[in-house]
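Fold and contact review
Below, each chain spelled out in residue letters.
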Amino acid sequence: MPDGALVSPAATTAYLDRCGGSRAAFERALLLEELAIFVFQWPPFAAYNSALGISRVHDRVRYLSERWFTITPGRR
């Protein structure tokens, strides 16, 4: 997020404890959802953010895309 907030690991664990499922699949889905928000929904709002907020988003998108290609080899 532009303010630097992230999803808490405790929230992920609580969700999985309650609903079950594969942690790896859930984390991949969460990663893709966050990327989709930044790619498809965030750009129109970029003008309303500070330079620091925009930098945080760019850094986060870079991290998420690198993480995606690390955990899903052969998807390039």
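Here's what I pulled together on the structure shown here.

Observations regarding the overall build of the protein chain
Of the regular secondary structure elements, the protein chain holds three helices and zero strands. Secondary structure elements of the protein chain occur, N-terminal to C-terminal, as α-α-α. Of all 76 residues assigned to the protein chain, the portion counted as buried reaches 18%. Nonlocal contacts in the protein chain, meaning residues at least 24 apart in sequence, comprise 56% of its contacts between residues at least 6 apart. When the accessible surface of the protein chain is split by element, carbon and sulfur atoms take 59% of a total near 5600 Å².

Observations concerning the pattern of salt bridges
Scanning all chains against the criterion turns up three salt bridges. A salt bridge links arginine 60 to glutamate 34; the shortest N-O distance between them is 2.9 Å. Here arginine 60, found in helix H3 (residues 51-71), pairs with glutamate 34, found in helix H2 (residues 23-41); they are 26 residues apart in sequence, far enough to count as distant. Across the pair, exposure class does not vary: arginine 60 and glutamate 34 are buried alike. Aspartate 59 serves as the salt-bridge partner of arginine 62, at 3.1 Å between the closest nitrogen and oxygen. One end of the pair, arginine 62, and the other, aspartate 59, are both in helix H3, three residues apart, so they sit about a helical turn from each other.

With respect to the packing of H2 against H3
The N-to-C vectors of H2 and H3 enclose an angle of 140°; their axes lie 10 Å apart at closest approach. For the pair H2 and H3, the sense of crossing is left-handed. Residues Arg28, Leu31, Leu32, Glu34, Leu35 and Phe38 of H2 form the contact with H3, whose own contacting residues are Val57, Arg60, Val61, Leu64, Ser65, Arg67, Trp68 and Ile71. Its residues placed into classes, the contact of H2 with H3 shows nine nonpolar, one polar and four charged.

So, the packing of aromatic side chains
Counted under the stated rule, the structure contains one aromatic pair. Centroid distance tyrosine 15 to phenylalanine 26: 4.8 Å. Interplanar angle 20°. Geometry classified as stacked. Placement of the pair is tyrosine 15 in helix H1 (residues 9-19) and phenylalanine 26 in helix H2, with a sequence separation of 11 residues. On the accessibility criterion, phenylalanine 26 (22% relative accessible area) is partly exposed.

About the thresholds
Residues numbered from 1 in each chain as written. Predicted model: local features only at pLDDT ≥ 70, side-chain atom pairs only at ≥ 80, totals over all residues. Heavy atoms only, no water. Helix = DSSP H or I, 4+ residues; strand = E, 2+ residues; numbered from the N terminus. Buried < 20%, exposed > 50% of the residue type's maximum accessible area, 1.4 Å probe, protein only. Contact = heavy atoms within 4.5 Å. Areas by Shrake-Rupley, 256 points an atom, 1.4 Å probe, with all protein chains shown as cover. Salt bridge = Lys/Arg side-chain N within 4 Å of Asp/Glu carboxyl O. Axes fitted to C-alpha atoms, helices over the stretch in contact; angles between N-to-C directions. Left-handed = near helix turned anticlockwise from the far one by under 90°. Nonpolar A, V, L, I, M, F, W, Y, C, P; charged D, E, K, R; others polar. Phe/Tyr/Trp six-rings, centres within 6.5 Å; stacked < 30°, edge-to-face > 60°.

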